[in-house]
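Observations on the three-dimensional arrangement
So you can see what is in the structure, the chains are spelled out below.
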Amino acid sequence: MHYDLIIKGGTCVFPWGEAQADLGVTDGRIASLAVGTGDSATQVIDAKGLHVLPGMIDSHVHLRDPGNAAIESIATGTRAAALGGITMVFDMPNTSPSITSAETIADKRRTVAENALIDMGLYVGATRANTPELAALEQEEGICAIKVFAGSSTGDLMIEDDEGIEAVLRSGHRRVAFHSEDEYRLQARKPLFETGMPHVNHMIWRDEECAFLGTRRITALARKTGRPVHILHTSTAEELEWLAAHRSHVSVEVLVNHLTQVGPECYETLGAYAVMNPPIRDRRHYDACWEAVRDGRVDVISSDHAPHPREAKEKPWPQCPAGLTGVQTILPLMLDHVNAGRLSLSRLVDLMAAGPARIYGLLTKGRLAVGFDADFTLVDLKARREIRNDWIASPVGWTPFDGKQVTGWPMATIVRGHVVMRDDAIVSAPIGRLARFAP
C-alpha cells in the first residue's frame, strides 16, 4: 500500500501504552499503526531513537490577534508553537477588538486560514451584552469554549458578580472556562500596596483567598445550574484540595509556570518577568500542584502564553503588565520534568493531548489511533539543550526561562500529515485551520 507519509521506527505513545510502531498517513489521517515492509510512501521519516507523541496541544494562549503584531500575531505565535512541538493552540478572546460576536469570530477565522502554521481553536468572550447570544456563539465553527473573566480584566469582558456569571451559565450547554480570581477581594486589597514596591508583592496582593474564593463561588454556580466549568490556571493548594469533591462539575487546568517556578525566589531573580495572573506562589502551592498532577486531579497543563514588550514589563510594579511568554517553552520544560521523574511521558500525553481533547470536546485529535488526525510531536528524550531568548519566535524576544538547561526536546511538529517543523526549522507554509468540536 502507498501512503502519503510513513513514520517508522519510533516509540509511539498509544492510549494503551508505549510500543515501537510504523505509522501510515493518508489524506491527513492516521491510516495504519502497522505499516507493512512492502508498503511505500511519498515521504518517510525515520524516527528511530525518538518518541512519537500525539500532537501536543496548548489549550490556553493569548496570540494578541487582532491587536499589535509587534507584540504577537497568529503568524508569529503559531510559529513559536510549532518550534516548541505544539500542533494546536486554543486562543483567548481578549484581543483588540475582543472576540465576542459572530462578526469578530468570522474575521478571526479568516486570519487563521491565512496565517496559522498549526491548527487552532478559539474562545469567545462572555460579556453582559452578549450573554443571551452565547448559546449560539458557542456553536460557531472552531469555538473551543466560552471564556469568562471573573477577575483581572477590563472593559466589557469582566463579569465578576454571581448574577452575571449565573446568566452566562444558563446560556448554552458546553463547558465554560473561567479566570476565577475574586475581583471584589482584589480591589479591596489594592490600596494596601504602592507603586514601586518589590515584585514579590504580586503574590501577596493576589493571595490564596483571591483564587480560592473565586473558585468556590464559580463551583457553587456550576452546581446550581448543572453547567460544567473549567477552572483555568488553578494555582493554590486550597483550590486543588477542595475541587476534588466537585469533579462532576469542574475540570482543572494547571500552568507549567506553577509547576516550574517558585516564589519568592522567582521574583528576586526575574522581577517583572515573573509577574503573571494568578501569581507564581510559594513552595507549598508548587508541591500541591505536583501532587494533584500525580493523583489525577489535574486535567490539562497549558502555558497561558501572554507576551508583553520589554518596555512595558520593565515598568514599576504593579504598573508592569502581568503575563509571560510560554507556548514555545512549555513542552521542553515538561519533557525536562519527565526526565526528572516528576511525571511519566504517558501522563504528559494525557495532560497535553488526550486531556484537552476530552475537556473541550475536540474531535479526531488527542490520541494515536486509526481515523484520527495525523498530528504528531516527535521528541528526543535524551537531547540536552539550553532555552535562550534568541530562540524565541515571538516578536517580544524574551522568555523567563532564558539560560535554563533542559533534557528532552521536540524534533518535529506534524499537523494533519504536514511536516511543519523539523530539527528546529519551520519547513511549511501556513496550513493551519480551525479544529472541530462536539456541539
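Throughout this description, residue numbers start from 1 for each chain and increase along the sequence as written. Where totals are concerned, whole chains, interfaces and linings use all residues; where local detail is concerned, this predicted model gives features only for residues with pLDDT of at least 70, and gives and counts side-chain atom pairs only at 80 or more. Think of the side-chain values as coming from all heavy atoms in the structure, minus any hydrogens and water.

To continue, consider the environment of Arg79. A run of H or I in DSSP becomes a helix once it reaches four residues, and a run of E becomes a strand once it reaches two; helices and strands are each numbered from the N terminus. Locating Arg79 in the fold gives a position in helix H1 (residues 74–83). Distance from Arg79 to Asp119, taken between C-alpha atoms, is 11 Å for residues 40 residues apart in sequence. The residues touching Arg79, leaving out its near neighbours within four places in the chain, are Leu117, Ala393 and Ile426. A contact between two residues is defined here by any heavy atoms of the two lying within 4.5 Å.

What follows is about the packing of H1 against helix H2 (residues 102–115). Pairs of packed helices are described in terms of their axes, by the angle between the two and the distance that separates them. Running from N to C, H1 and H2 cross one another at 55°; their axes reach a closest spacing of 9 Å. Between H1 and H2, the interaxial angle falls into the category oblique. Between H1 and H2 lies a crossing of right-handed hand. Here Ile74, Ala75 and Thr78 of H1 lie close against H2, whose contacting residues are Lys108, Thr111, Val112 and Asn115. By residue class, the composition of the contact of H1 with H2 is three nonpolar, three polar and one charged. Geometry is summarised by axes, namely lines fitted to C-alpha atoms with helices restricted to the contacting stretch, and by angles between N-to-C directions that run from 0 to 180 degrees. Each angle is binned into one of four classes, with values under 35 degrees roughly parallel, values over 145 roughly antiparallel, values of 65 to 115 roughly perpendicular, and all other values oblique. Rotating anticlockwise by less than a right angle from the far helix to the near helix defines a left-handed crossing, while the corresponding clockwise rotation defines a right-handed one. Side-chain classes follow a simple rule in which Ala, Val, Leu, Ile, Met, Phe, Trp, Tyr, Cys and Pro form the nonpolar group, Asp, Glu, Lys and Arg form the charged group, and the remainder, Gly included, forms the polar group.

Before going further, it helps to spend a moment on the sheet that holds strand S7 (residues 86–91). Strands pair, by our definition, only if DSSP identifies at least two bridges between them. The parallel open sheet is built from eight strands, whose spatial order is S6-S7-S8-S9-S10-S11-S12-S13. Looking along the sheet, the strands with just one partner apiece sit at the ends: strand S6 (56–61) and strand S13 (300–302). Neighbour to neighbour, the strand axes of the sheet diverge by 30° on average, direction disregarded. Pairing analysis gives three bridges linking strand S12 (residues 250–255) to S13, with the strands arranged parallel. Bridge pairing in S13 places Glu253 opposite Val300. Docked against the sheet, helix H13 (residues 345–360) engages S6, S7, strand S8 (119–125), strand S9 (143–149), strand S11 (229–231), S12 and S13, running at close to 65° with respect to S6.

Attention now moves to the UniProt feature "domain: Amidohydrolase-related" (unreviewed entry) in the protein chain. UniProt positions are given in the numbering used here, feature names are shortened, and annotations may be inferred rather than shown by experiment. As annotated in UniProt, the feature "domain: Amidohydrolase-related" (unreviewed entry) corresponds to residues 52–420 in the numbering used here. Note that residues 52–420 is 33% helix and 19% strand, and that its end C-alpha atoms are spaced 15 Å apart.

With that settled, the discussion passes to the pairing of strand S1 (residues 2–14). Pairing analysis gives six bridges linking S1 to strand S4 (residues 40–46), with the strands arranged parallel. Bridge pairing in S4 links His2 to Ser40. For S1 and strand S2 (residues 17–26), the ladder comprises eight bridges, and the chain directions are antiparallel. Note that in S2 the partner of Phe14 across the bridge is Gly17.

Salt-bridge detection follows one rule: a side-chain nitrogen of Lys or Arg within 4 Å of a carboxyl oxygen of Asp or Glu. One pass over the full model with this rule turns up 28 salt bridges. We note a salt bridge from Asp119 to Lys365, for which the minimum N-O separation is 2.9 Å. With Asp119 in strand S8 and Lys365 in the loop between H13 and strand S14 (376–386), the pair connects residues that are 246 residues apart, well separated along the chain. Only protein chains enter the area calculation, which uses a 1.4 Å probe; residues under 20% of their type maximum are buried, those over 50% are exposed, and those in between are partly exposed. You can call Asp119 buried: its relative accessible area is 1%. When its relative accessible area of 6% is taken as the criterion, Lys365 is described as buried. Salt bridges sharing partners connect three or more residues here, namely Arg29, Asp119, Lys365, Asp373, Asp375 and Arg416.

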